[in-house]
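# Fold and geometry: a report
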Amino acid sequence: MNDMRLTERAVNAERTKIAARGVQVHYGQTHALKDVDVDILDHTVTAFIGPSGCGKSTFLRCLNRMNDTISVCRVTGDIRLDGEDIYDRRIDPVQLRAKVGMVFQKPNPFPKSIYDNVAYGPRIHGLARNKAELDEIVETSLRRAALWNEVKDRLAAPGTGLSGGQQQRLCIARAVATSPEVLLMDEPCSALDPIATAQVEELIDELRANFSVVIVTHSMQQAARVSQRTAFFHLGHLVEYGDTTQIFTKPSDPRTESYITGRIG
Amino acid sequence: MNTDGHILSAFDRDLETIQALIMKMGGLVEVATLDAARALETRDEDLARLVRDSDGAIDALEAQVNDEVARIIALRAPTAGDLRTVLTVLKIAGSLERMGDYAKNIAKRSGVLAQFTPIEGAAGTIRRMAKQVEQMLKDALDAYIRRDAVLATDVRARDREVDQIYNSLFRVLLTHMLEDPRNITACMHLHFIAKNIERMGDHATTISEQVIYLVTGSMPEEARPKDDRTPYVASPKS
């Protein structure tokens, strides 16, 4: 089946980047995620789909320990990034989040200049030795986020003054500035118009050359357009995980079929 | 496959509409097939004309299916079982349109054949063959509506019987032509008619394969039983 896909970007996507085993999440008494096993591949866009409250965002937030910030949240199970347990006591969550970047649903630029938005991460992680190096990281990141040409003449202007689509691409530039290995995106296009959405989707495909991208989306068509692998969550369970083509043409679980075809599941 | 209704009920109505259209096409093709064979056997030129004229309605239905399918793909972006429904409807409509053309062609030839002395047994054999193909088509369409892959597999196996009737008729016609060259014109027409029906059987088989794809998500893998040996025949006895 794969050899029929003529337009796929040629990258080596054999290696497992993140391996999750038996992941359970409780918010107080609520059992939000039940025994999830997933292998997320390197250089691959993986889409998480499912109805609201199914646990997909919760699982995404486990991958860079964003759930640590919620006091009632309890995560058990095993999540390994390149074989290393990310919940190990010796792992610094701040360092982890530099490796596993995140882009949120609503563009949330810092109330700072465009330049400082992108330079913030490299500065706190000490990734640049001098101003010239920092300038280069900012330019490269903005180029990767397909924003450079639109903002190169006003880098000192506030990031919050950009349009919604530009702000979201600025947030992507900020996320890639620390050279992460994995980029998590939680509904990155839900606040964007179709043109900005298409630009972000094109960007996601380009980012795949360097990172492993995991995207949570409510748009099934978006999952179908941008991802190579799709995971369907329902009521806290990972129901089905497979090649996007297979999930959208021949899902094996009736619950997946009900959801993607727009039936009451 | 999931047969619950969509949250968006207009999508259900769209899918029902295109499936109803191919059922309507199928009904017209069944009638045309049987009528063409009957017109040949009974030398009924009025009936033959009726068959020729009815093909326009089948073609119009196919055009309507094509338009509706394009609209559904554009507006509804069907996936999984819905996608397979839409794709199979499109292919089945194509097969039915071809079957309609073959029936029309048979009706045209029957007008010429009415001017010749009948070839003994040929028209009866052709009618039997047409009946067999019509039953295959009927069952394939029933299997479609019932999402019945078992019945579809059975239809697919039955094409072999059509091939066998065609083989024997091929030899009979060859014998008649060798015995008396004045039979050649009639036998040539009869052979084309038999070949048309044999092709119609292949289309009924294609439809049953589409049913298997619709239900299971993949085309049948094992080769289908075929028995058309006429490509290798050099003389009536060979």
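These numbers come from a predicted model, not from an experiment.

### A short note on the overall build of chain A
- Scanning chain A from N- to C-terminus turns up 10 helices and 10 strands.
- Relative to the globule expectation of 18 Å for 265 residues, the C-alpha radius of gyration of chain A, 18 Å, shows essentially globular dimensions.
- Within chain A, the proportion of its 265 residues that are buried is 50%.
- A sequence separation of at least 24 residues applies to 67% of the contacts in chain A between residues at least 6 apart.
- Within the structure as shown, chain A displays about 12,100 Å² of accessible surface, and the carbon and sulfur contribution to it stands at 51%.

### Concerning the pairing of strand β8 (residues 212-216) of chain A
All names here are of chain A.
- With respect to burial, β8 is a largely interior element, 5 of its 5 residues being buried.
- Residues of β8 alternate between two faces, with S212, V214 and V216 on one and V213 and I215 on the opposite face, all of them buried.
- Across 4 bridges, the pairing between strand β3 (residues 45-49) and β8 is parallel. Residue pairing for β8: A47 is matched across the bridge by I215.
- Relative to β8, strand β7 (residues 182-186) is paired through 5 bridges, and the arrangement is parallel. Each bridged residue has a counterpart across the sheet, and for L184 the counterpart in β8 is V214.
- In this region the chain leaves β7, passes through helix α7 (residues 194-207) and returns to the parallel neighbour β8; the handedness of that crossover is right-handed.

### Remarks on the sheet that holds strand β5 (residues 84-85) of chain A
Residues and elements named next belong to chain A.
- The strand order β2-β1-β4-β5 describes an open sheet built from 4 strands, whose pairing is antiparallel. Strand pairing shows two members of the sheet lacking a second neighbour, β2 (30-41) and β5, which therefore form its edges.
- Strand direction decides the pairing type here: strand β1 (residues 16-27) and β2, joined by 8 bridges, are antiparallel. Each residue of the ladder has a partner; that of H26, found in β2, is H31.

### Looking at the interface of chain A and chain B
- Taken residue by residue, the interface counts 13 residues in chain A and 18 residues in chain B.
- Summed over both sides, the interface between chain A and chain B buries roughly 1,200 Å², with carbon and sulfur atoms accounting for 48% of that surface.
- For chain A, the biggest contributors to the area lost against chain B are A:K250, A:E257 and A:R263; these three give 45% of the whole.
- The interface formed by chain A and chain B contains 1 salt bridge.
- For A:R263, the salt bridge identified is with B:D82, shortest N-O distance 3.0 Å.
- There are 8 residue pairs in polar contact (both at pLDDT 80 or more) connecting chain A and chain B.
- Those elements giving two or more residues to the side of chain A that touches chain B turn out to be α9 (244-249) and α10 (254-260) of chain A.
- For the side of chain A that touches chain B, the element with the highest residue contribution is α10(A), accounting for 4 residues.
- Looking at the side of chain A that touches chain B residue by residue, the classes come out as 5 nonpolar, 5 polar and 3 charged.

### Quick notes on the environment of B:L83
- The topology assignment puts B:L83 in helix α3 (residues 80-113).
- A C-alpha to C-alpha distance of 8.3 Å links B:L83 and B:I73, two positions 10 residues apart in sequence.

### Some remarks on the confidence of the model for chain B
- Predicted confidence across chain B gives a mean pLDDT of 93, with 98% of residues reaching 70 or more.
- As scored by the predictor, the complex reaches a pTM of 0.82 and an ipTM of 0.74.

### Some remarks on the nonpolar core
- If you look at the biggest cluster of nonpolar residues, it comprises 67 residues, and the most contacted ones within it are B:I22, B:L96, B:M99, B:L190, B:I197, B:M200 and B:I207.
- When contributions to this core are tallied by element, the ones reaching two or more residues are α1 (9-42), α2 (45-76), α3, α4 (122-146), α5 (149-179) and α6 (184-216) of chain B.
- With residues near it in sequence (within four places) discarded, B:L190 still touches B:L40, B:L113, B:I119, B:A122, B:I126 and B:L173.
- Listed in part, the 46 residues of the second largest apolar core include A:V151, A:L155, A:A177 and A:V239.

### Digging into the sheet that holds β8(A)
Residue and element names in this part refer to chain A.
- In space, the 6 strands of this open sheet follow the order β6-β7-β8-β3-β9-β10, with mixed pairing throughout. What marks the edges here is a single partner per strand, and that holds for β6 (100-103) and β10 (237-243). When strand polarity is set aside, the average angle formed by the axes of neighbouring strands in this sheet is 20 degrees.
- With respect to the sheet, α7 is in contact with β3, β7 and β8, its orientation differing from that of β8 by roughly 145 degrees.

### Points about the packing of α4(B) against α6(B)
All names here are of chain B.
- Close contact between α4 and α6 brings their axes to 9 Å; oriented N to C, the two are set at 15 degrees. When the axes of α4 and α6 are compared, the pair comes out roughly parallel. In this structure, α4 crosses over α6, and the sense of that crossing is left-handed.

The rules behind these values
- Residues numbered from 1 in each chain as written.
- Chains lettered and ligands numbered in written order.
- Predicted model: local features only at pLDDT ≥ 70, side-chain atom pairs only at ≥ 80, totals over all residues.
- Heavy atoms only, no water.
- Helix = DSSP H or I, 4+ residues; strand = E, 2+ residues; numbered from the N terminus.
- Rg over C-alpha atoms; globule rule 2.2 N^0.38 Å.
- Buried < 20%, exposed > 50% of the residue type's maximum accessible area, 1.4 Å probe, protein only.
- Contact = heavy atoms within 4.5 Å.
- Areas by Shrake-Rupley, 256 points an atom, 1.4 Å probe, with all protein chains shown as cover.
- Pairing = 2+ DSSP bridges.
- Right-handed = clockwise from strand over helix to strand, strands pointing away.
- Buried area = accessible area lost by both parts, 1.4 Å probe.
- Salt bridge = Lys/Arg side-chain N within 4 Å of Asp/Glu carboxyl O.
- Polar contact = N/O pair within 3.5 Å; in protein donor to acceptor, adjacent residues only side chain to side chain.
- Nonpolar A, V, L, I, M, F, W, Y, C, P; charged D, E, K, R; others polar.
- pLDDT = per-residue confidence, 0-100.
- Core = buried A, V, L, I, M, F, W, Y, C linked by side-chain atoms within 4.5 Å.
- Axes fitted to C-alpha atoms, helices over the stretch in contact; angles between N-to-C directions.
- Parallel < 35°, antiparallel > 145°, perpendicular 65-115°, else oblique.
- Left-handed = near helix turned anticlockwise from the far one by under 90°.

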